[in-house]
Amino acid sequence: MPHRNPTQTDLLPPAPDGRVRVMLTLPFAGPLDYLLPPRLAAARPGDIVSVPLGRRTETGVIWDAAPSLPPEFRPPPPKEVATSRLKPVAARLDLPPLPAQLRQFVDWVAAYTLSPPGMVLAMALRANALAALPRPGTGYSPAPALPADLRLTPARQKVLDIAGNGPPLPAAELARRAGVGAAVIRGLAQAGALRAVEITPPPPFAVPDPAHCPPTLGGNQAEVATELRARVGEDSFSITLLEGVTGSGKTEIYMEAIAACLEAGKQALVLLPEIALSAQWTGRFARRFGAEPALWHSDLGARLRRVTWRAVADGTARVVVGARSALFLPFAQLGLIIVDEEHETAFKQEDGVTYHARDMAVVRARMSKAPIVLVSATPSLESLANVGAGRYRHLKLNARHGNATMPVVETLDMRADPPERGLFLSPVLTGAINDAVGRGEQAMLFLNRRGYAPLTLCRTCGHRMQCPNCTAWLVEHRARHILTCHHCGYDEPIPQTCPKCADADSLTPIGPGVERITEEARATFPDARILVMASDTLSGPAATAAAVERIARREVDLVIGTQIVAKGWHFPHLTLVGIVDADLGLGGGDLRASERTVQLLHQVAGRAGRAEAPGRVLLQSYVPDHPVMQALVSGNFSSFMEQEAEQRRPGFWPPYGRLAALIVSAETPDAAELTARALGQNAPRLDGVQVLGPAPAPLAILRGRHRHRLLLRARRNIAVQPIMREWLSRVKPERGARIDVDIDPVSFL
Ligand code: ADP
Ligand code: ZN
């Protein structure tokens with residue numbers, strides 16, 4: 001990503017002819033021109049307005065006269081429309097204006113990801129559920145002088161007494177306290193004896209206190225915390241990679257940076273890869289600062305969403321913790337961004353506007369002139385390369401906090417110690433679990449696969465149960481008695497007979513999912529108290545928090561889970577982690593398969609031995625000599641990442657080059673193929689740029705749409721956006737075909 005400072009956003013008043021640009025939350029190429037009627041002459045860029053569009057009324061934002069983008073990112077200028085043909089802006093909404101930094105950010109994200117800016121704006125506004133504004137409530141207090149002709153009944157007298165005896169109250173509350181019906185309040189108001197006043201609710205978020213409960217820092221924690229505090233104090237843009245093994249106190253330390261940000265009177269944003277983590281995080285934050293942070297994610301209720309959006313805009317929400325969408329909140333004074341678990345691919349949004357929240361967070365920090373801290377035990381090669389190039393600072397916590405040591409990691413060669421026929425846990429692993437549980441400690445089994453079995457096969461004819469809409473096998477979920485597609489959500493009851501050869505009871509599950517491992521564990525450890533943690537068995541952050549609580553209270557002996565257990569949980573009594581299939585992520589030819597496997601498995605392994613008792617990790621693998629297994633055993637990630645770098649550098653693979661993918665999809669195979677071929681024929685021919693494909697996508701059919709992919713690879717010093725824009729302008733998709741752009745792709749399916 002180019003590190004250029006965009007010029008300061010234009011804050012000029014509207015043009016003399018009253019023409020303004022209004023960005024609508026619709027997929028247009030840019031803002032549309034409108035006229036500001038004289039009564040709205042005071043409107044400025046950022047104001048949220050309603051405008052006519054055809055026969056509808058749309059909500060939009062008065063946009064800046066010219067986007068503040070580097071030239072290579074600038075979209076083509078719009079066609080001029082004569083002033084006489086412009087329609088007037090209908091109204092200005094009673095909402096805080098969208099800050100200049102956020103408008104600039106919207107322009108930037110749109111230009112970088114080649115998305116319509118209105119769709120990026122929608123992420124900043126959707127938030128705010130404009131249709132139902134939280135109007136300041138109406139309260140009632142007695143008029144200074146009661147009307148002379150007022151008829152005073154005892155009920156009315158009681159209402160006036162209560163209303164006169166404290167702050168204004170809402171009608172319902174007043175009626176309740178006086179023990180009267182709503183009609184009495186209405187009557188008094190109509191008679192002029194009660195006066196309606198606006199009541200402003202108290203700020204919804206308490207102010208966190210940086211001095212509430214600071215930790216005593218150990219090892220090199222104090223040094224690192226001082227460095228981070230200094231970055232916050234500089235009041236300017238900087239990027240720091242905070243690295244440290246699991247349990248070294250990274251969270252503890254970046255909370256010190258948040259403390260510094262609070263002391264400076266500014267707002268902090270913390271991005272987590274998964275919102276399930278927020279419950280434990282919030283609790284920890286509250287213990288440190290004596291107040292809860294504001295939460296932001298897609299499941300927030302409508303009311304809380306509006307309240308939070310406004311509190312972020314007026315600066316009363318001081319710390320926001322959220323998923324990637326929190327990047328688009330209208331911060332009044334952003335002073336710090338933290339991206340926790342920066343290596344997580346969950347930061348990449350794959351549908352709608354395709355963007356990488358970690359990378360866009362860096363852009364947002366730059367525009368806010370604020371420091372950003374990327375946090376990880378296993379940083380991405382992208383971030384390490386930026387450290388190597390001197391673009392990021394690097395801070396490292398060098399050991400686990402206190403007396404905790406790193407767990408011992410061993411591979412378990414499945415060829416030498418295979419499980420019994422039809423089972424998936426090696427006797428070595430089950431023995432270790434028995435030992436740990438026997439000592440009163442906890443154990444965990446990890447398998448990154450939901451359901452019972454990933455494939456169902458007919459033993460008689462070999463038929464494989466496939467999704468009718470996708471190039472994917474159906475996954476058995478035995479507890480729900482269904483076969484389901486993890487890509488499109490299609491499901492069907494598990495058939496009794498093979499749909500192909502009609503043989504009865506011939507369908508057999510192949511391979512394990514976490515349900516099947518649970519079944520095996522229940523049979524193997526009949527006395528153990530087992531808890532399953534999978535994203536489809538835990539209904540949300542609250543359920544996840546409850547499960548985590550049960551583990552912490554030692555009500556569980558064995559935890560079995562999918563990747564949700566890998567996250568930053570702190571389980572002090574857990575000493576053994578068994579990875580059921582360490583090889584699982586290595587297939588598929590994904591550029592980052594090895595890197596990602598190391599990151600994920602190290603994260604899971606990091607759940608073991610976080611307190612006094614030492615931890616042990618067993619990796620079940622058929623390729624124990626694979627560099628990934630060796631890196632996990634030795635714990636030497638730097639040398640593993642150096643090898644990764646050496647493999648990617650010569651071919652200019654990221655981070656040593658840039659990638660942009662085009663995904664063609666269509667209802668018919670022909671439309672998809674013709675469009676893909678046209679893209680191939682029109683592919684740019686430039687020095688330092690190479691186009692791979694078109695080729696059918698690995699997920700050749702998804703939700704009934706036929707898919708082809710092309711991949712553009714460019715040297716790092718080449719901006720791919722103008723090339724892509726030009727390329728796309730030369731190809732018209734066939735009927736029913738669509739071309740999606742994915743800049744810096746993470747998934748290649
Ligand atoms: P990481 O984020 O690197 O995995 P954490 O910040 O979660 O590490 O720290 C691991 C555990 O050690 C947590 O329970 C945390 O509260 C504790 N811890 C770390 N540093 C300190 C400290 N200086 N004082 C007290 N507890 C600490
Ligand atoms: Zn499907």
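Residues numbered from 1 in each chain as written. Chains lettered and ligands numbered in written order. Predicted model: local features only at pLDDT ≥ 70, side-chain atom pairs only at ≥ 80, totals over all residues. Heavy atoms only, no water.

**Examining the overall build of the protein**
The helix and strand inventory of the protein stands at 19 helices and 31 strands. For the protein, the C-alpha radius of gyration of 29 Å lies close to 27 Å, the compact-globule estimate for 749 residues. In terms of principal-axis extent, the alpha carbons of the protein reach across some 100 × 65 × 65 Å. Residues classed as buried in the protein amount to 51% of the 749 residues present. Of the contacts made within the protein by residues no fewer than 6 positions apart, 76% connect residues no fewer than 24 positions apart. For the protein, the computed accessible surface area is about 32800 Å², with 53% contributed by carbon and sulfur atoms. Computing the positive centroid from 83 side-chain charges and the negative centroid from 72, the protein places the two 7 Å apart. (Helix = DSSP H or I, 4+ residues; strand = E, 2+ residues; numbered from the N terminus. Rg over C-alpha atoms; globule rule 2.2 N^0.38 Å. Buried < 20%, exposed > 50% of the residue type's maximum accessible area, 1.4 Å probe, protein only. Contact = heavy atoms within 4.5 Å. Areas by Shrake-Rupley, 256 points an atom, 1.4 Å probe, with all protein chains shown as cover. Lys, Arg positive; Asp, Glu negative; His and termini not counted. Charge placed at Lys NZ, Arg CZ, Asp CG, Glu CD.)

**Observations regarding the sheet that holds strand β16 (residues 393-397)**
Strand-to-strand pairing in sheets goes through backbone hydrogen bonds, with the strands running parallel or antiparallel. An order of β10-β11-β9-β12-β15-β8-β16 is seen for the seven strands of this open sheet, with the pairing classed as parallel. The open sheet is flanked by β10 (294-296) and β16, the only strands paired with a single partner. If you compare each strand with its neighbour and ignore which way they point, the axes differ by 20° on average. Pairing of strand β12 (residues 334-340) with strand β15 (residues 371-376) involves four bridges; the strand directions are parallel. Across the sheet, the residue bridging to I338 is V373, located in β15. (Pairing = 2+ DSSP bridges. Axes fitted to C-alpha atoms, helices over the stretch in contact; angles between N-to-C directions.)

**A word on the pattern of salt bridges**
Within this structure, the stated rule accounts for 35 salt bridges. E173 is the salt-bridge partner of R177, the closest N and O atoms lying 2.8 Å from each other. One end of the pair, R177, and the other, E173, are both in helix α4 (residues 171-178), four residues apart, so they sit about a helical turn from each other. Given the relative accessible area of 46%, R177 is considered partly exposed. Notably, a salt bridge pairs E726 with R730, separated by 3.0 Å at the nearest N-O pair. Using a relative accessible area of 38% as the deciding quantity, one classes R730 as partly exposed. Through salt bridges with shared partners, a single network forms among R229, E256, E263 and R288. (Salt bridge = Lys/Arg side-chain N within 4 Å of Asp/Glu carboxyl O.)

**Focus on the confidence of the model for the protein**
Mean pLDDT for the protein: 91, with 96% of residues reaching 70 or above. Low confidence marks residues 1-12, where pLDDT is under 50. Its contacts with residues over four positions away, or in another chain, come to 39 contacts. (pLDDT = per-residue confidence, 0-100.)

**A word on the packing of helix α3 (residues 154-163) against helix α5 (residues 182-190)**
It is at 10 Å that the axes of α3 and α5 come closest, and there the two elements cross at 75°. Classified by the interaxial angle, the pair formed by α3 and α5 is roughly perpendicular. In this structure, α3 uses A155, R156, V159 and L160 to contact α5, whose residues at the interface are V184, I185, G187 and L188. Here the contact of α3 with α5 is built from residues that sort into six nonpolar, one polar and one charged. (Parallel < 35°, antiparallel > 145°, perpendicular 65-115°, else oblique. Nonpolar A, V, L, I, M, F, W, Y, C, P; charged D, E, K, R; others polar.)

**Concerning the environment of A42**
Inspection of the secondary structure assignment puts A42 in the loop between β2 (32-35) and β3 (48-53). For the pair A42 and L327, spaced 285 residues apart in sequence, the C-alpha to C-alpha distance is 29 Å.

**Examining the coordination of the zinc ion (ligand 2)**
With distances of 2.3 Å, the protein atoms coordinating the zinc ion (ligand 2) are C467 (SG), C470 (SG), C485 (SG) and C488 (SG). With four donor atoms in place around the zinc ion (ligand 2) and angles of 105 to 115° between them, the coordination shape is tetrahedral. For the zinc ion (ligand 2), the single-chain donor residues occur in sequence as C-x2-C-x14-C-x2-C. A residue pair is termed long-range when its members are at least 10 positions apart, and C470 in the loop between β19 (455-458) and β20 (475-477) and C488 in the loop between β21 (482-484) and β22 (491-493) qualify at 18 residues. Looking at C470, the relative accessible area reads 4%, which means it is buried. (Donors = N, O, S within 2.8 Å, 3.2 Å for Na, K, Ca; no water. Tetrahedral: all angles 85-135°; square planar, octahedral: opposite > 155°, others 65-115°.)

**Quick notes on the sheet that holds strand β28 (residues 657-666)**
A sheet is described by the order of its strands in space; here four strands give the open sequence β29-β30-β28-β31, paired in antiparallel fashion. Each edge of the sheet is formed by a strand with only one pairing partner; in this case those strands are β29 (689-702) and β31 (737-743). Adjacent strand axes in the sheet meet at a mean angle of 20°, parallel and antiparallel pairs treated alike. With seven bridges joining them, β28 and β31 adopt antiparallel strand pairing. Bridge assignment links S665 to a residue of β31, and that residue is R738. Running over the sheet, helix α18 (residues 669-681) touches β28, β29, β30 (705-715) and β31 and is turned about 15° from β30.

**Thoughts on the side chain of R592**
You can see R592 is positioned in the loop between β26 (574-579) and α15 (593-605). Since its relative accessible area comes to 10%, R592 is described here as buried. Within the structure, R592 has its side chain in polar contact with the backbone oxygen of P745 (distance 3.3 Å). (Polar contact = N/O pair within 3.5 Å; in protein donor to acceptor, adjacent residues only side chain to side chain.)

**A short note on the UniProt feature "binding site: Zn(2+) 2" (unreviewed entry) in the protein**
When the UniProt feature table is mapped to this numbering, "binding site: Zn(2+) 2" (unreviewed entry) covers C467, C470, C485 and C488. Over a stretch of 22 residues, the named residues converge on one spot in the fold, their C-alpha atoms separated by at most 8.7 Å. Beyond its immediate chain neighbours, meaning those up to four positions away, C470 contacts C485, H487, C488, I701, L702 and R703. Position of C485 among the secondary structure elements: in the loop between β21 and β22. (UniProt positions renumbered as here; feature names shortened; annotations may be inferred.)

**Brief notes about unusual backbone geometry**
Following P654, the chain continues into P655 via a peptide bond in cis, with omega recorded as 5°. As for its position among the elements, P655 is in the loop between α17 (637-648) and β28. Not every positive phi belongs to a glycine, and D505 is a case in point at roughly 50°. Here D505 shows up in the loop between β22 and β23 (507-510). For D505, a relative accessible area of 57% gives the class exposed.

**Some remarks on the environment of R156**
Position of R156 relative to the elements: it lies in helix α3. For R156, a relative accessible area of 14% gives the class buried. Here the alpha-carbon distance between R156 and V180, two residues 24 residues apart in the chain, equals 8.6 Å. Aside from chain neighbours lying at most four places away, what touches R156 is L150, R151, V184, G187 and L188.

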